[in-house]
Each structure stands twice: as C-alpha cells, then as structure tokens.
Amino acid sequence: MSTAPARKPSIAGRLARQLLLISLFWAVLAGVSVWLVVQEEVDELLDETLQASSQVLGQLLRQSPSILPAEVSDADDLSTHFAWQLIGPDGQLLHRSPLAPTKAWRLPAGFSDWRDDSPDRADESDWRVHVRALSTSAGPGWLMVAQTNAERDEVRTRVGLASAFSALLVGGLCMFWMNRRAHLELAPLARLSESLADYDPLNSQQVLPEQARSELVQIRAAVLELGQRLAQRVANERAFSAHAAHALRTPLAGMDAQLAMALREAPPDQRERLQRTREAADRLRRVVTALLTLFRSGMRLQWQGLDVADLLVHVQMPERLEIDVPPGACIHADPDLLIAALINLMDNALRHRATRIKLDLHPHPDGGVTLVLHDNGPGVSDFQREDLNDALERQQYEGRMGLGLMMADLVARAHGGDLHLPVVSQGFAVALRLGPAPP
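Treat the numbers as computed from the prediction; the structure is a model and nothing was measured.

This paragraph deals with the overall build of the protein. Looking only at helices and strands, one finds eight helices and 12 strands in the protein. Burial analysis of the protein (439 residues in total) assigns 35% to the buried set. Across the protein, every contact between residues at least 6 apart in sequence was considered, and the portion connecting residues at least 24 apart equals 59%. With the model as given, the accessible surface of the protein reaches about 26700 Å², and the carbon-plus-sulfur share is 56%.

In structure tokens form, the structure reads like this:
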C-alpha cells in the first residue's frame, strides 16, 4: 500500500526559524551587554552626583556656616536615600542630615562603602560615601555625603531593565521585519510554484508568466526548455504510435477477411483452430484501434452526453461475453476515449476467461461518476490487487500491469479521475472514476 510522503521543510520555514534564533541570540547578547554597560555608567553617574553634591554643600558651609540647624529632626528630611555628615578634627560628629546615622563615618578621602551595624538602622545600613576635607569652626574636618546602596541598586536595576528591554524590543522588531521581508522575497517563488502546478508543456498555448527575480528567470527558462524537450518527445511517440497503428490496421483487416473466408471453406476439424486465430487477430485489431484513438485525441477531450448501452454497441465484443447494463445509464465523457478504455477492460476480462460483465454506475455529488465493471472471472489475489492499486496510484505501469489497465487509467485521468480495483468476493472488478464535465 502507498504511504504518505514525509513533509519536507520549507525554505520560508527554515529562514523564519533561523531569523528567530539569530534575532533572539543578538537580542539577548545586546541586552546583557547593555545591562553591564549601564550598570557601570550608572555607578559613575551616581558617584559624580555625590561628588557634585559634596562640592556644592561644602561651598555653602564655607560661605554660611549658620545654615546648619541646631537640632536634627527626621521629619525635616525630604529624602529617604541621601544623607551627609560634618566631622570635626578630632573625629566627633558635628552635624548630620536626618537620614544620616548617628555614628560618624570614619573613612579616607574619596569614595568608600560603609555599613552601620546598629539594629535601629539595619534597613538602611549600607552606604556609598564621598569624603571631602572641609575647614570647620573647630579646625580641619571632613564633609561626608552618602547615598544608600539600596537606592543605587534600585536605580541600576530600573535603568538596566529599561535598557535591556529596549534592546530586546528592538531585536524583536528586527526579527519581525526580517521575517516579513523573507516571506515577501519568497512570494515570487511561491507564485512560480503555483504556475508550474498548472503548467502543461504539451499545450502550446500555455506559457509561464515572466519572473522579476533573476534567479527565477533562470528556473523559468530551464522549465520551459525541459517542457519543450518533453513535448517534442511526446509528439514523436504519438506520431510513431499513430503511424504504426495505421500501418497495422490494413493488414489486420485483410487477415480478418481471409480468416472469415477460410472458416467457411475449411473442414470441420480445422474450424476451431481458425476461430481461435481469428479471435486473436480481432483482439489485436481492437488494441490497435484503442491505441490509435488514444493518441489521436492527444488527451484533448470532446465531452458529450452518452448513453452507455448505445455506446457499447460500437464496442463489438465477442458474442460469448455478455454485458449487463442498467437501463437509462447516462454519463458525460469523451466517446472515443471511453470506448478505447472499455475495449481494453472488456478484452482484459475475456482473456482471463470471464463470460459475463456487470456494469454499474455510481454518480457523485460533484457531477462525476464511477463506472464499475465486475466480471465473473477467476480474479486476483489480495496481494496482486494491492500491488496493482499501488501501481495505478503512482502511475508506475511498467512491469506491473498489462495494456488494458494502463490505458483505462490514462483515460480516467484524462477525465479528471482515476482507476481503482475494489475488493469483491468473487471475480474481478474495476472502478473507472470520471470527473465532472466542464461547464
């Protein structure tokens, strides 16, 4: 039995996946890089802010020492993450902001980190401190301006996340845009595939549309060249078959006439042998007629409404093969091609010792019809029937079936259908499906 072919990955799908992976990789890489750079830049910016604040506050204290409050109240401070201390020459705490710890920061000049282990300040105990030398009323001292590390971490996190999110957003937009562009660039290839699906190289009036992409121009030219070679080969084969059929019909007709005369004049003991010879010659004549009809039509159908019973009158089958046709059975098909198919199918049944054929019609909702020919011959095994069905489905006729089934399948496909061998309890059956007639 045939199996469904494995689905092949598409170029568009592979490009989309590659673009997705590349975009995600670069977006993550850019996000991490931006995060690291931003962390360092934010630290420098915050340190510069502390340094500038220390410089401004130092100048104010030098010019107006009286601005320092006499008492410190936490309610006076509007900031929750910024503090300062003024340290005397002996290290005593002279003044502080409300948020600043009560312990004096004892740090060298410049930037340093300080931690207050006091239980009452445990939630704000980590500081980033900038120390500046400052003269006080008591002598040389230090001005210390600090910011909590929690505030610095919060600022770094917000800025870093915003920057990383922006990088990821840009990467996502680039991925969407590149994916969109890839699909747009592949659209001409999809349209060419659709045109090739309907392209018939044997139809000289049908042409492939011009292509705007240089790569597709070369593909189109290669397909047209291949189609021309195929059309030429098919034309040569049809011409040879037609000439051969014409060349054979005349001598076969003469042989039939001579055998008919010999049957009338021959003694009784030789008539049976002459009759078998005449039947073989008649079978060869029918095959030649079917081949001539098939190749003369070139698969260009002349659809007509046909009465099956009247059509079978022209088949001229031997009298020892009975055909049962339901009354009023009508179909739409090409009469010459359908006769060629029926001749081969009935001759096939006759060669396999069938004496009776029952023909049934099963109409389809779409306007098509299936002709089922069921004979009383010996039939075939299930394995042979499955192998024949597989060959018919794949159109791999050579070495797997005779001329009758092959020609009937070609005629059915020319009508938009196919040939199938259904399962029957006795004998042999052929289902010839024809598609609906064109409007």
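Another point: the UniProt feature "transmembrane region" (unreviewed entry) in the protein. This chain's UniProt record puts "transmembrane region" (unreviewed entry) on residues 20-38 and 159-178. Taken as a whole, residues 159-178 contains 100% helix and 0% strand, while its terminal C-alpha atoms sit 28 Å from one another.

Between two packed helices, the angle of one axis relative to the other and the distance separating the axes together describe the packing. Between helix 7 (residues 382-394) and helix 8 (residues 403-414), the least distance of the axes is 11 Å, while the angle of their chain directions is 45°. Between helix 7 and helix 8, the angle falls in the class oblique. As for the relative orientation of helix 7 and helix 8, their crossing is right-handed in sense. In this structure, helix 7 uses Leu-388, Leu-392 and Glu-393 to contact helix 8, whose residues at the interface are Leu-405, Asp-409 and Arg-413. Taken together, the residues of the contact of helix 7 with helix 8 sort by class into three nonpolar, no polar and three charged.

In spatial order, the strands read 7-9-10-12-11; together these five strands make up an open sheet with mixed pairing. Pairing within the sheet leaves two strands with one partner each, and these edge strands are strand 7 (322-324) and strand 11 (418-420). Across the sheet, the mean angle from the axis of one strand to that of its neighbour is 20°, orientation sign disregarded. Of the strand pairs in this sheet, strand 9 (residues 356-363) and strand 10 (residues 369-375) are connected by seven bridges, and their pairing is antiparallel.

Looking now at a nonpolar patch on the surface. The grouping of Ile-22, Phe-25, Trp-26 and Leu-29 at the surface amounts to a nonpolar patch, some 430 Å² of accessible area in total. Secondary-structure assignment places Phe-25 in helix 1 (residues 11-63).

Residues Ile-331, Leu-338, Leu-373, Leu-405, Leu-432 and Leu-434 are the most contacted members of the largest nonpolar core, which totals 40 residues. For this core, the secondary structure elements donating two or more residues are helix 5 (308-313), strand 8 (330-333), helix 6 (335-351), strand 9, strand 10, helix 7, helix 8 and strand 12 (428-434). The element contributing the most residues to this core is helix 6, with 10 residues. Contact partners of Leu-373, with chain neighbours within four places excluded, come to Leu-342, Leu-345, Met-346, Ile-357, Lys-358, Leu-359, Phe-428, Ala-429 and Val-430.

Okay, a negative patch on the surface next. Together, Glu-40, Glu-41, Glu-44 and Glu-48 make up a region of like negative charge exposed at the surface. Of note, Glu-48 is situated in helix 1.

This paragraph deals with the packing of helix 6 against helix 8. Relative to each other, helix 6 and helix 8 sit at 155°, their axes nearing to 8 Å. Judged by the angle between their axes, helix 6 and helix 8 are roughly antiparallel. As for how helix 6 packs across helix 8, the hand of that crossing is left-handed. Here helix 6 contributes Leu-337, Leu-338, Ala-341, Asn-344, Leu-345 and Asn-348 to the contact with helix 8, which in turn contributes Leu-403, Gly-404, Leu-405, Met-407, Ala-408, Val-411 and Ala-414. A breakdown of the residues in the contact of helix 6 with helix 8 according to their chemical character gives 10 nonpolar, three polar and no charged.

Mapped onto the secondary structure, Arg-106 falls in the loop between strand 2 (93-96) and strand 3 (110-115). When the C-alpha atoms of Arg-106 and Trp-142 are compared, they prove to be 9.5 Å apart, with 36 residues separating the residues in sequence. Leaving out residues up to four positions away in the same chain, Arg-106 has contacts with Gly-91 and Met-144.

An ideal rise of 1.5 Å per residue puts 16 Å on 12 residues; helix 8 measures up with 16 Å between its terminal C-alpha atoms. Within the sequence span of helix 8, burial applies to Gly-404, Leu-405, Met-407, Ala-408, Asp-409, Val-411 and Ala-412. Gly-416, located one to two residues past helix 8, shows a positive phi value of around 80°.

Quick look at the pattern of salt bridges now. This structure, assessed with the given rule, holds 13 salt bridges. A salt bridge links Asp-324 to Arg-356; its shortest N-O distance comes to 2.8 Å. With Asp-324 in strand 7 and Arg-356 in strand 9, this residue pair connects regions lying 32 residues apart in the sequence. Judged by its relative accessible area of 36%, Arg-356 falls in the partly exposed class. Bridged by salt links that share partners, the residues Asp-387, Asp-390, Arg-394 and Arg-400 form one connected network.

What follows concerns unusual backbone geometry. Backbone geometry places Arg-353, a non-glycine residue, at a positive phi of 70°. Residue position: Arg-353 is located in the loop between helix 6 and strand 9. Phi is positive for Gln-395, close to 55°, though the residue is something other than glycine. Examined against the element boundaries, Gln-395 turns out to sit in the loop between helix 7 and helix 8. A relative accessible area of 39% means that Gln-395 is categorised as partly exposed.

Cut-offs applied
- Residues numbered from 1 in each chain as written.
- Predicted model: local features only at pLDDT ≥ 70, side-chain atom pairs only at ≥ 80, totals over all residues.
- Heavy atoms only, no water.
- Helix = DSSP H or I, 4+ residues; strand = E, 2+ residues; numbered from the N terminus.
- Buried < 20%, exposed > 50% of the residue type's maximum accessible area, 1.4 Å probe, protein only.
- Contact = heavy atoms within 4.5 Å.
- Areas by Shrake-Rupley, 256 points an atom, 1.4 Å probe, with all protein chains shown as cover.
- UniProt positions renumbered as here; feature names shortened; annotations may be inferred.
- Axes fitted to C-alpha atoms, helices over the stretch in contact; angles between N-to-C directions.
- Parallel < 35°, antiparallel > 145°, perpendicular 65-115°, else oblique.
- Left-handed = near helix turned anticlockwise from the far one by under 90°.
- Nonpolar A, V, L, I, M, F, W, Y, C, P; charged D, E, K, R; others polar.
- Pairing = 2+ DSSP bridges.
- Patch = residues over 30% accessible without salt bridge, like charges linked within 9 Å, V, L, I, M, F, W, Y side chains within 5 Å.
- Salt bridge = Lys/Arg side-chain N within 4 Å of Asp/Glu carboxyl O.
- Core = buried A, V, L, I, M, F, W, Y, C linked by side-chain atoms within 4.5 Å.
- Lys, Arg positive; Asp, Glu negative; His and termini not counted.
- Charge placed at Lys NZ, Arg CZ, Asp CG, Glu CD.
- Expected span 1.5 Å × (residues − 1).

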